[in-house]
Amino acid sequence: MSLLNRNPHVLSRFCALLLLGTAALHASAQPVAQATVASAHPAATVAGLETLAGGGNAFDAAVAIASALAVVEPYGSGLGGGGFFLLRQAGPKPTYRFIDARERAPLASSAQMYMRNGKVQPELSLNGPLAAAIPGLPAALAEITSRFGRKPLADNLVPAIRLATDGVSIDRVYIDRAEGRLEAMRKDRETSRVFLQQGNLPEEWDLLRQPDLAKTLERLARYGRSGFYEGETADRLVEGVRAAGGIWSLEDLRSYQVVERQPLRYPLADGRELISAPPPSAGGVALAQSLGMLAQLPWQKAEPTQRVHYVAEVLRRAYHDRSMLGDPDRIANPVQQLLAPDYLKRLAAGIDPNRATPSASLPPKPTWREGDHTTHFVVIDEQGNAVAATLSVNLPFGSAFTPPGTGVVLNDEMDDFAADIEGSNAYGLAGSAANAIASGKRPLSSMSPSFIESPNELAAFGTPGGSRIPSMVLLAMLQYLDGRAVQNWVSAPRYHNQYLPDVLEHEPRTFTDAQKADLTARGYTLKDVGRSYGNQQVLLWNKKNGDVDAASDPRGIGLAAGTTVHY
Ligand code: GLY
């Protein structure tokens, strides 16, 4: 493993060739791509490479990476959470699939469940067992392996079980995330026992061993989805939740299903196509709307501040429209209308080339809030099968509640619902009613695993970051459309406009003083968020020569690397 270089975190195919073993021969199939992984944690990237080198395809590797991330980044995703997997099955005409493993509201949920004396109590949807929706990740791991993989689930879970059993070093990201959630983590004895040191933050390089999680993973490996959603694990989860005041039932777990949906597809210029997340993600719609509006504007030739203005204005309008979206199994999402060329032309025509549009001059929409942690990875195998997946437990360490004996920290994805549905949107639709809490419903998400594909290339994108996910992915896509190297896609400075609050957020070093003055003169209220954000993982496959370049965001500790699969 001496070739694994954690610093810098961006490795191209040429400087990160890992020879991890000899893969099984797959008759007649000639390799067309360098098998490559980029994920938010080196151990998860290695889990994916190990699986690819051991004969697994990109779908097996995705299961290995996702389950490893569940162990090494318990603050970002996990068996107690969910996510979205965007799959590309190679072929003369590739097939795209979207596996919706989003959490589901418990059956006993109701629209008013976080109201006390007529007021929403945010604490209830953020911390503790009432905040937790029914997890989707374990079902996705089983489903993806059995439908698309080459290997058994037990094989794909080997790296995760090893990491949970042997332990993983605590790193600076872990400490930073735990610090932000320390108060909530201390309130739950089991979370504190498993993830803290005597109720305090662990130190860097301390070893995090998770024997209970290893056993939970072993039951999943042995029995498949029923090893999590029924039997001993299910009993412990439900007992733990109910003993602490939550509302889960065994039926909630038994009836959970991942849903395969049609990915959102949107044509771009030059024979390219966007393939992205449909509802219950709002991300794909926002990306398609933004790219559709930008196609009407001279953004590519604009000087840097003028470009920021165009991008901020298309984001403002795309985020404005999101309040119309919700769980597609419960509401009719007006996706076609939101992506109609005439509609996007009209929106773009409303952008003043010199002035910011005050958000208040657009029709109102309800406020909403989203957790800002999650994780993302991309993987491609030697056949051109690929996965972009964004996985989440919502806030760092989710609800900070761990049912005793499971090792599974539960999500607080219930907070992604609109707990208060007061308000209406631009078009007379009942605003965030589309995302109101209801029994068994999926909350709206921003997670946006995406591809842009053309006859010559496949680019894969994604990042954690709550409501900023679509703007970050858009900025990375613009770098790609500009022909910049993958390193730039992940490292370019970030800014964000989400309609409300009406501010242009940015990382500390995004703008020069002159740009700040220019943007302020255009009517923007700038907000330095005081820290970097996001953790993009991307790759670019050149189909003509098989090269794959991948990059992991320098803001995190992730790793992008390739492996050679021998035939
Ligand atoms: N919980 C973050 C998201 O789904 O967007």
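Residues numbered from 1 in each chain as written. Predicted model: local features only at pLDDT ≥ 70, side-chain atom pairs only at ≥ 80, totals over all residues. Heavy atoms only, no water.

## Observations concerning the UniProt feature "binding site: L-glutamate" (unreviewed entry) in the protein chain
As a reminder of what qualifies: UniProt positions are given in the numbering used here, feature names are shortened, and annotations may be inferred rather than shown by experiment. A run of DSSP states H or I qualifies as a helix once it reaches four residues; a run of E qualifies as a strand once it reaches two. Both are numbered from the N-terminal end. Three exposure classes are used, based on accessible area relative to the maximum for each residue type with a 1.4 Å probe and protein chains only: buried under 20%, partly exposed in between, and exposed over 50%. The term polar contact refers here to a pair of N or O atoms within 3.5 Å; inside protein, the definition further demands a hydrogen-donor-capable atom paired with an acceptor-capable atom, and it admits residues adjacent in sequence only when both atoms are side-chain atoms.
The sites that UniProt annotates as "binding site: L-glutamate" (unreviewed entry) are R102, S392, V393, N394, D416, S445, S446 and G466. On the basis of their most widely separated C-alpha atoms, the annotated residues across 365 residues gather in one place, lying no more than 14.2 Å apart. Among the structural elements, N394 can be located in the loop between β13 (386–392) and β14 (450–453). Exposure remark for N394: the relative accessible area of 2% places this residue in the buried category. Relative to the helices and strands, S446 is located in the loop between β13 and β14. At 2.8 Å, the side chain of S446 forms a polar contact with the side chain of R322.

## Some points on the side chain of E507
The line we're drawing: We call two residues in contact when some of their heavy atoms are within 4.5 Å.
Locating E507 in the fold gives a position in the loop between β17 (504–506) and α20 (513–521). Since its relative accessible area comes to 6%, E507 is described here as buried. When neighbours within four sequence positions are excluded, E507 is seen to be in contact with P493, R494, D528, V529, R531, S532, Y533 and R555.

## Quick notes on the pairing of strand β15 (residues 457–461)
The two faces of the sheet receive side chains in turn, since in a regular strand these alternate between them. Heads up, the rule is: Each pair of strands is called paired provided DSSP finds at least two bridges between the two strands.
Along β15, four of the five residues are buried, which leaves the element largely enclosed by surrounding structure. Inspection of the sheet shows β14 paired to β15 by four bridges, in the antiparallel sense. The residue bridging E453 from the neighbouring strand is L458, located in β15. The antiparallel pairing of β14 with β15 creates a hairpin that spans three residues between the two strands. Here β15 runs beside strand β19 (residues 537–542); their pairing, made up of four bridges, is antiparallel. Following the sheet pairing, A459 is matched in β19 by L540.

## What about the packing of aromatic side chains?
Applied cut-off: Each Phe, Tyr or Trp ring, with Trp reduced to its six-membered ring, pairs with another whose centre is within 6.5 Å; inter-plane angles below 30 degrees give stacked pairs, above 60 give edge-to-face pairs, and intermediate values give tilted ones. Only lysine NZ and arginine CZ atoms are considered, and such an atom sits over a ring when it is within 6 Å of the ring centre and within 35 degrees of the ring normal.
In this structure the tally under the stated criterion is 14 aromatic pairs. With a centroid separation of 5.1 Å and an interplanar angle of 40°, the aromatic rings of F84 and F98 are classed as tilted. Taken as a pair, F84 in strand β3 (residues 82–89) and F98 in strand β4 (residues 95–101) lie far apart in primary sequence, 14 residues in all. For the pair Y174 and F397, a centre-to-centre distance of 5.4 Å together with 80° between the ring planes defines the contact as edge-to-face. One end of the pair, Y174, is in helix α7 (residues 172–180); the other, F397, is in the loop between β13 and β14, and 223 residues separate them in sequence. Among the aromatic residues, those joined into a ring-pair cluster are Y75, Y174, F195 and F397. When the ring centre of W541 is taken as reference, the NZ or CZ atom of K543 above it lies at 5.8 Å.

## A look at the side chain of S67
Tracing the chain through its elements places S67 in helix α2 (residues 58–72). In contact with S67, other than residues within four places in its own chain, are L141, N156, L157 and A160.

## Observations regarding the site of the ligand
Filter applied, for reference: For this purpose, a residue is taken to be near a molecule or strand whenever a single non-hydrogen atom of the residue falls within 4 Å of it. All accessible-area figures derive from a Shrake-Rupley calculation using a 1.4 Å probe, and residue coverage is judged against the displayed protein chains alone. As a working rule, the residues Ala, Val, Leu, Ile, Met, Phe, Trp, Tyr, Cys and Pro are called nonpolar, Asp, Glu, Lys and Arg charged, and the rest polar, with Gly in that last group.
The environment of the ligand is formed by nine residues, the closest being N394, E413, D416, S445 and S446. At 2.7 Å from an oxygen atom of the ligand is found a side-chain nitrogen or oxygen belonging to S445. A distance of 2.8 Å separates an oxygen atom of the ligand from a polar backbone atom of S446. In isolation the ligand offers 200 Å² of accessible surface; the protein chains occlude 100% of this area. The class makeup of the residues in the shell around the ligand is one nonpolar, four polar and four charged.

## Focus: the sheet that holds strand β16 (residues 495–496)
In space, the three strands of this open sheet follow the order β16-β17-β18, with mixed pairing throughout. Looking along the sheet, the strands with just one partner apiece sit at the ends: β16 and β18 (526–528). Pairing of β16 with β17, which is carried by two bridges, proceeds in the antiparallel orientation. By the bridge assignment for β17, Y495 is matched with H506.

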